Amino acid sequence: MSKQPKILLIYTGGTIGMIKDFETGALKAFDFKDLLEKIPELRLLECEIETTSFEQPIDSSNMNPDLWVDLCNIIESNYDRCDGFVILHGSDTMSYTASALSFMLENLSKPVIFTGSQLPIGDLRTDAKENLITAIQIAALRKRNRSYITEVGLYFEYKLYRGNRSSKISAEHFEAFKSPNYPPLVTSGVHLTIEDEKLLPYKRKKLIVHRELKTDIMVVHLYPGISQKMLTSLLNNHEFSGVILLTFGSGNSTTSPWFIELLKKNIQIGIPVVNITQCTWGSVQMGNYETSTGLKNLGVISGKDLTIEAAITKMMYLNSQNLSPKVFKTIFETSLRGEMS
Ligand code: ASP
């Protein structure tokens, strides 16, 4: 009998493992061991499942880069023993964690699949069971004696997305995530349909874990009439190592001289300014309109079709690497883990 793949299930918290406190009516975390008891079907899967849990399961709104490092440590220390990893995570910040881990885990050759649920696992109408069971099945997929999926993915409501292409789009529907600028990698129906040509290729290189992240990023969501006084006080103090501008349409902004001057000062002292669009679908294309030509000429970096989650975590990752502004721009505008087109 051939050896079954070994999957490590890592519970971080979130609705998937929560129960209702009947006194207060609020959801609170319960013991992870109960999770396996709630889904006896897990024993039917053709893989060996090991489990581990954060000592203190969290609501994912409390997720942070130290905990991302903890997750990387768990993965690294079990990497040779296990064939795949499934991370149970609250849906609220799941796309941030999935994006961050995609940059922190270089040369990944095994699946790291995030999943969670909109309703607690004990709820009658829960979406947790399907999400969990299929996420494990996908993590256990094999091809030519090695893992089929060799990247960070996010499985929710019948779709596996590339983690760093995903965003939470609904606080209400079971279909809570979208990958607006990249198709699903796997779709679950009667069969699992795998889009081979969309997957990241297998890498023979050794896993490298990047633990340094710089989190002092200024995110500026532009809107018509944004206050000069407020932006000037925010962007003039240089207490940050990077700026992400959420711009209009294909990367357009106001052409007011005060705004251009503010950005110019930051870029001149080596602070990278990245342009991503407020639109859900599509890409930044600076130079298409007069309202983005100025940004392009200043040396603003194109975030192309990055999600906000991927843009922030990519900047955290690259800002910790002491790159010259020119190299930073080149690398930021290059797809490192399939995060941009
Ligand atoms: N607030 C929860 C969390 O993100 C929601 C969920 O689990 O989906 O941890």
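Residues numbered from 1 in each chain as written. Predicted model: local features only at pLDDT ≥ 70, side-chain atom pairs only at ≥ 80, totals over all residues. Heavy atoms only, no water.

> So what's going on with the packing of helix H5 (residues 228-235) against helix H6 (residues 257-268)? Which residues, and what values?
Contact geometry for H5 and H6: axes closest at 11 Å, N-to-C directions at 5°. Between H5 and H6, the crossing angle belongs to the class labelled roughly parallel. Of the residues in H6, those in contact with Gln228, Leu231, Thr232 and Leu235 of H5 are Trp258, Phe259, Leu262, Leu263 and Asn266. For the contact of H5 with H6, a count of residues per class yields six nonpolar, three polar and no charged. (Axes fitted to C-alpha atoms, helices over the stretch in contact; angles between N-to-C directions. Helix = DSSP H or I, 4+ residues; strand = E, 2+ residues; numbered from the N terminus. Parallel < 35°, antiparallel > 145°, perpendicular 65-115°, else oblique. Contact = heavy atoms within 4.5 Å. Nonpolar A, V, L, I, M, F, W, Y, C, P; charged D, E, K, R; others polar.)

> Break down the sheet that holds strand E17 (residues 217-221) for me, with residues and values.
Working definition: the strands of a sheet are paired by backbone hydrogen bonds and lie parallel or antiparallel to each other. If you trace the four strands from one edge of the open sheet to the other, you get E17-E18-E19-E20, paired in parallel fashion. A strand with exactly one partner marks an edge of an open sheet, and here the two such strands are E17 and strand E20 (301-302). Examined bridge by bridge, strand E19 (residues 273-277) and E20 share two bridges and lie parallel to one another. Directly across from Val274, in E20, lies its bridge partner Ile301. (Pairing = 2+ DSSP bridges.)

> Tell me about H6, and name the residues and values.
The first and last C-alpha atoms of H6 sit 16 Å apart over twelve residues, in line with the 16 Å expected at 1.5 Å per residue. If you check which residues of H6 are buried, you get Phe259, Ile260, Leu262, Leu263 and Asn266. The arc that holds every buried residue of H6, seen down its axis, measures 160°, which confines them to one face. Exposed positions of H6 whose direction lies more than 90 degrees from the buried face are Pro257 and Gln268. One or two positions beyond H6, positive phi appears at Gly270, with a value near 90°. (Expected span 1.5 Å × (residues − 1). Buried < 20%, exposed > 50% of the residue type's maximum accessible area, 1.4 Å probe, protein only. Arc of directions from axis to C-beta.)

> Before we move on, could you go through the UniProt feature "active site" (unreviewed entry) in the protein and cite the residues and values that matter?
According to UniProt, the feature "active site" (unreviewed entry) maps to Thr15 in the numbering used here. For Thr15, the contacting residues outside a window of four places in its chain are Leu27, Ser117, Gln118, Leu119, Pro120 and Ile121. (UniProt positions renumbered as here; feature names shortened; annotations may be inferred.)

> Could you give an account of unusual backbone geometry, with specific residues and numbers?
The phi dihedral of His238 is positive, around 50°, even though this residue is not glycine. Relative to the assigned elements, His238 resides in the loop between H5 and strand E18 (242-247). Residue classification places His238 among the partly exposed residues on the basis of a relative accessible area of 28%.

> Describe the packing of aromatic side chains, with residues and values.
Enumeration according to the criterion identifies five aromatic pairs in this entry. On the basis of an interplanar angle of 80° and a centroid distance of 5.9 Å, the ring pair of Trp258 and Phe259 is categorised as edge-to-face. In this structure Phe259 comes out as buried when scored by relative accessible area, which is 0%. Here Phe328 and Phe332 contribute two aromatic rings whose centre-to-centre distance is 5.8 Å and whose plane-to-plane angle is 20°, an arrangement assigned as stacked. (Phe/Tyr/Trp six-rings, centres within 6.5 Å; stacked < 30°, edge-to-face > 60°.)

> Give a detailed account of the site of the ligand, specifying residues and quantitative values.
With respect to spatial proximity, the complete set of residues near the ligand consists of Gly14, Thr15, Asp59, Ser60, Gly90, Ser91, Asp92 and Ser117. At 2.7 Å, a backbone N or O of Thr15 approaches an oxygen atom of the ligand. At 2.9 Å from a nitrogen atom of the ligand is found a side-chain nitrogen or oxygen belonging to Asp92. The protein chains hide 89% of the 270 Å² of surface that the ligand would expose on its own. Of the residues belonging to the shell around the ligand, the class tally is no nonpolar, six polar and two charged. (Near = heavy atom within 4 Å. Polar contact = N/O pair within 3.5 Å; in protein donor to acceptor, adjacent residues only side chain to side chain. Areas by Shrake-Rupley, 256 points an atom, 1.4 Å probe, with all protein chains shown as cover.)

> Tell me about the pairing of E18, and name the residues and values.
Most of E18 sits out of view: six of its six residues are buried. Side-chain alternation along E18 places Gly242, Ile244 and Leu246 on one buried face and Val243, Leu245 and Thr247 on a second face that is also buried. Handedness of the crossover joining E17 and E18 through H5: right-handed. Running through H6, the crossover from E18 to the neighbouring parallel element E19 is right-handed. (Right-handed = clockwise from strand over helix to strand, strands pointing away.)

> Lay out the sheet that holds strand E1 (residues 6-13) in plain terms, naming residues and giving numbers.
Here we have eight strands laid out as an open sheet, ordered E4-E1-E5-E7-E10-E11-E14-E15, and mixed in their pairing. Of all strands in the sheet, those bounded by a partner on one side alone are strand E4 (48-58) and strand E15 (192-194). Neighbour-to-neighbour, the strand axes of this sheet turn through a mean angle of 20°, independent of strand direction. Each of strand E5 (84-88), strand E7 (112-115) and strand E10 (152-156) touches helix H3 (residues 94-104); the most contacted strand, E10, lies at about 160° to it.

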